[in-house]
Structure formats: structure tokens, C-alpha cells
Amino acid sequence: MECNLAVIKGDGIGPEVVTEAIKVLDAVGKKYDHSFQYEQILMGGCSIDATGVPLTDEAVAIAKSKDAVLLGSIGGNTSTSPWYQLPPELRPEAGLLKIRKELGLFANLRPANLYEELKEACPLKAEIADKGFDMLIMRELTGGLYFGERSTMEIDGVLTAHDNLIYNENEIRRIAVKAFDIAGKRRKKVTSVDKANVLDSSRLWRKVVEEVAKDYPEISYEHMLVDNCAMQLVKDPAQFDVVLTENMFGDILSDEASMITGSIGMLASASLNETKFGMYEPSGGSAPDIAGQNKANPIATILSAAMMLRYTFDLDKEADGIEAAVKQVLKEGYRTCDIVSEGTKQVSCSEMGDLIAARI
Ligand code: IPM
Ligand code: MG
């Protein structure tokens, strides 16, 4: 199969981790006889430096012409980088929000599971970690607070900011349908997370999810308030299968879920639209403090490439192959510095990529 990818290395550790994911994809190509073609585009701070904007329309057009986008990370240190002196619509994150919107990537899948080998790195008590967990956070990605109108103005001499949180029933329905569909291929449970005791948008969310649930009698579902969910994630993460939630709650809960897997460097993600097209990226940020030091954990990006094979190209066997190679390397005791523990062998970002590629 020929797979045409747009590649956004981005900022910070982005270029390092994407290089390792490409190494692994090329190993997959060799073994299973596929050809991966890569065209690089700029987004984020590197795009600001080169073009003055965080994402050009030409870059969007290139992304749209491909089968999928592989992304590293964007952004810099928000207190020291000159990118954050720019108006908000010209900052690195605006590029990410723009590409999600332009490509219609409304469904963000963030799987969080605890590898047997990483139980040592899990910050939860042993009696909780021992039960393990395997959940998928399904985050709505193109609506809600991050896309509502916002402004800051002076009202009667007082600086006042507002952000609009808007969801319509169609936006809720399409993400709920995706969540129930995917739950059907997993452990058949959806936990829909909202703040329906306060927010109208959450009350609508709950109503639409209930309607969608009627079409899936074989899937069990429950509603959970977001504050309770934040607590349950550290108290009893094994209870979750698919966690369905809106944009901001999903942003926050997915960072929490990643941390209990041992490191944010382990969490892959896929952002999908109605078609097979997807953008695949690690859930973690650009980690400017360790950028360029060959220290970053490339596993989240490598697992994101596996998700790409599975969701965009239907190459399940190949995706399984990447996941098995990651497990194997962990079992052999290799760790990047974020997940290292006593008795394991610390390796660099590029060594981790080499080890995984060699086991494909
Ligand atoms: C993420 C990130 C982004 C988001 C930022 C960089 C805009 O935190 O992908 O979770 O909030 O969506
Ligand atoms: Mg986030």
C-alpha cells in the first residue's frame, strides 16, 4: 500500500520524537511491503519564525491532500518565548486549533493503559496500580470553549474577559456516536462526563447522549460529573472503558489519565473526522526544557503512528506489530528518563526508536 503523509515536526521535542516514529514506520514499510511518503509542513513556533503565522493556508492545503498527518508537538515556554508576546491568534497553539478546525477533526481519541512493565512508574498506590487499567478518552475537539468567541475589554474601568462555551446537538451527537461505536469494539461501556449540575451545555450533552445510547442497547453507559471523574481517575481507574467528554474537560482529564500511566510520554492520540483521514500526535506537549537533548520519550509518537495504521489505513496487523515491539522493548527493561526505575536501562530518544524499529 502507498501511504501519503503530511509530517509536522513542530517545536521543542517534536522533531526528535517524529524522527523516531518515522524510523519505526519505515521498518514497518520494509517488513510488510508498504511505502510511506512524507511531505513536511510547518506549524507552530517554527512556522511563525519562517512565515509570520503559526499555520499557512498552503500548509493546510497540503495536509488536506494527504491520507493522514503525523504531528510532533508545537509551542514553547509560555513565560520566556517571544512567540507568546504575539497576539493570541498568532501564537503557536492557534495553528493547532486551526488545523483541527480546517480538517474537521472533531473526535480525539486518547487511549491510556497501564503497561505491566510500567507499574513502578505509576504514581498511584500499588493496590490501585495492581488492578491495571485500559481506557480510551474520547474528547470532542472542534467545539466548546476553545472555539467560542472570546474577548477582553474594559467595562466601567475594570478589565473583563469572556469565553463562550457553545455546543449544538449535532456536534454532541456525532462524537457520542463515535464513542458508542468504539465502545462496541472494546469492553462495551461508555462513561459520559459533564457538569450537568451547573452548565446548560452539559445538560444538552446529557440529553443527546441518552438519545444516542438508545441505539446501542448492548453498550452500558453512565453519566459522571467532571469533578467526580477527576477523583475517580486516581481512585479507581480500572472502572473506565470509553470516557466521552467535551473539549476542555477532555483536555484536562486526558493529561490526568496520562500521568497515571507513568508518563505523559506514553500517551498516543488520534484526531478523526467523518472519513478515514486523521491527524496523529502524542498527547504531551513540546517540553521545551528537554528539547534538543535526545532525552524525550518517543513512545507516544510511535504509538500514534500505530493508531494511524489502524484507523486511517486499516493495517491492523502492522499496528499490532508496533504495539508488540513497544511492549517487548519495555519488557527487556529499556526506559527513557521519564519512566526509568531501579533495575531498568536508561536509553536516549533515538536509542529507544532504534530498539523499537529493530523489533518490528
Ligand atoms: C492538547 C493541548 C492543546 C489543547 C493546546 C496546545 C492548544 O493541550 O492537545 O491537549 O488544549 O487541545
Ligand atoms: Mg492538553
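Computed from a predicted structure; not experimentally measured.

Draft legend 1. Molecular detail of helix α4 (residues 92-102). Taken as a whole, α4 has its buried residues at P92, G95, L96, I99 and R100. Buried positions in α4, seen along its axis, are confined to an arc of 130° and lie on one side of it.

Draft legend 2. Summary view of the site of ligand 1. Every residue close to ligand 1 is listed here: E93, L96, R100, R110, R139, Y146 and D251. Residue R110 places a side-chain N or O atom 2.8 Å away from an oxygen atom belonging to ligand 1. Contact with the protein chains removes 77% of the 320 Å² of surface that ligand 1 exposes when unbound. Per-element tally for the shell around ligand 1: the top contributor is α4, with three residues. Partitioning the shell around ligand 1 into residue classes produces two nonpolar, no polar and five charged. Taken domain by domain, the shell around ligand 1 gets at least three of its residues from each of domain 1 (1-106 + 268-360) and domain 2 (123-260).

Draft legend 3. Here's a closer look at the pairing of strand β8 (residues 189-194). A large share of β8 lies buried, amounting to five of its six residues. Where β8 meets strand β9 (residues 220-225), six bridges bridge the pair, whose relative direction is parallel. For S192, the partnering residue across the bridge sits in β9 and is H223. For the crossover that starts at β8, traverses helix α7 (residues 200-214) and ends in the parallel β9, the hand is right-handed. Relative to strand β10 (residues 242-245), β8 runs parallel, the two sharing four bridges.

Draft legend 4. Structural detail: the domain arrangement of the protein chain. When the domains of the protein chain are assigned, the result is domain 1 (1-106 + 268-360) and domain 2 (123-260). Inter-centroid distance (C-alpha atoms) of domain 1 to domain 2 is 24 Å. Together domain 1 and domain 2 conceal approximately 1,100 Å² of surface at their shared face, both sides included; 65% is due to carbon and sulfur atoms. Run the count over domain 1 and domain 2 and you get zero salt bridges. Where domain 1 packs against domain 2, one counts three residue pairs in polar contact (both at pLDDT 80 or more). Elements with a minimum of two residues in the side of domain 1 that touches domain 2: α4 and β11 (270-272).

Draft legend 5. Quick peek at the nonpolar core. Counting 68 residues, the largest nonpolar core has L109, M138, L244, L309 and I356 as its most contacted members. Summarising the domain contributions, this core has at least three residues from each of domain 1 (1-106 + 268-360) and domain 2 (123-260). Contact partners of M138, with chain neighbours within four places excluded, come to A107, N108, L109, I175, K178, A179, I182, V242, V243, L244 and T245. Formed by 21 residues, the second largest nonpolar core is a distinct cluster that contains A112, V193, C229 and F249.

Draft legend 6. Quick look at helix α6 (residues 169-184). Taking 1.5 Å as the rise per residue, α6 with 16 residues should run 22 Å; its terminal C-alpha atoms sit 22 Å apart, in good agreement. Of all the residues in α6, the buried ones are E171, I172, I175, A176, K178, A179, F180, I182 and A183. Here α6 starts with a cap whose side-chain oxygen sits 2.9 Å from the backbone nitrogen of N170, and that cap is N168.

Draft legend 7. Fine view of the packing of helix α3 (residues 57-64) against α4. Remark: α3 packs on α4, axes separated minimally by 11 Å, with the N-to-C direction vectors making an angle of 45°. Classified by the interaxial angle, the pair formed by α3 and α4 is oblique. At the point where α3 passes α4, the crossing takes the right-handed sense. Contacts between α3 and α4 pair D57, V60, A63 and K64 from the former with K98, I99 and E102 from the latter. Residues belonging to the contact of α3 with α4 are distributed by class as follows: three nonpolar, no polar and four charged.

The rules behind each value
Residues numbered from 1 in each chain as written. Chains lettered and ligands numbered in written order. Predicted model: local features only at pLDDT ≥ 70, side-chain atom pairs only at ≥ 80, totals over all residues. Heavy atoms only, no water. Buried < 20%, exposed > 50% of the residue type's maximum accessible area, 1.4 Å probe, protein only. Helix = DSSP H or I, 4+ residues; strand = E, 2+ residues; numbered from the N terminus. Arc of directions from axis to C-beta. Near = heavy atom within 4 Å. Polar contact = N/O pair within 3.5 Å; in protein donor to acceptor, adjacent residues only side chain to side chain. Areas by Shrake-Rupley, 256 points an atom, 1.4 Å probe, with all protein chains shown as cover. Nonpolar A, V, L, I, M, F, W, Y, C, P; charged D, E, K, R; others polar. Domains from an automatic or database assignment. Pairing = 2+ DSSP bridges. Right-handed = clockwise from strand over helix to strand, strands pointing away. Buried area = accessible area lost by both parts, 1.4 Å probe. Salt bridge = Lys/Arg side-chain N within 4 Å of Asp/Glu carboxyl O. Core = buried A, V, L, I, M, F, W, Y, C linked by side-chain atoms within 4.5 Å. Contact = heavy atoms within 4.5 Å. Expected span 1.5 Å × (residues − 1). Axes fitted to C-alpha atoms, helices over the stretch in contact; angles between N-to-C directions. Parallel < 35°, antiparallel > 145°, perpendicular 65-115°, else oblique. Left-handed = near helix turned anticlockwise from the far one by under 90°.

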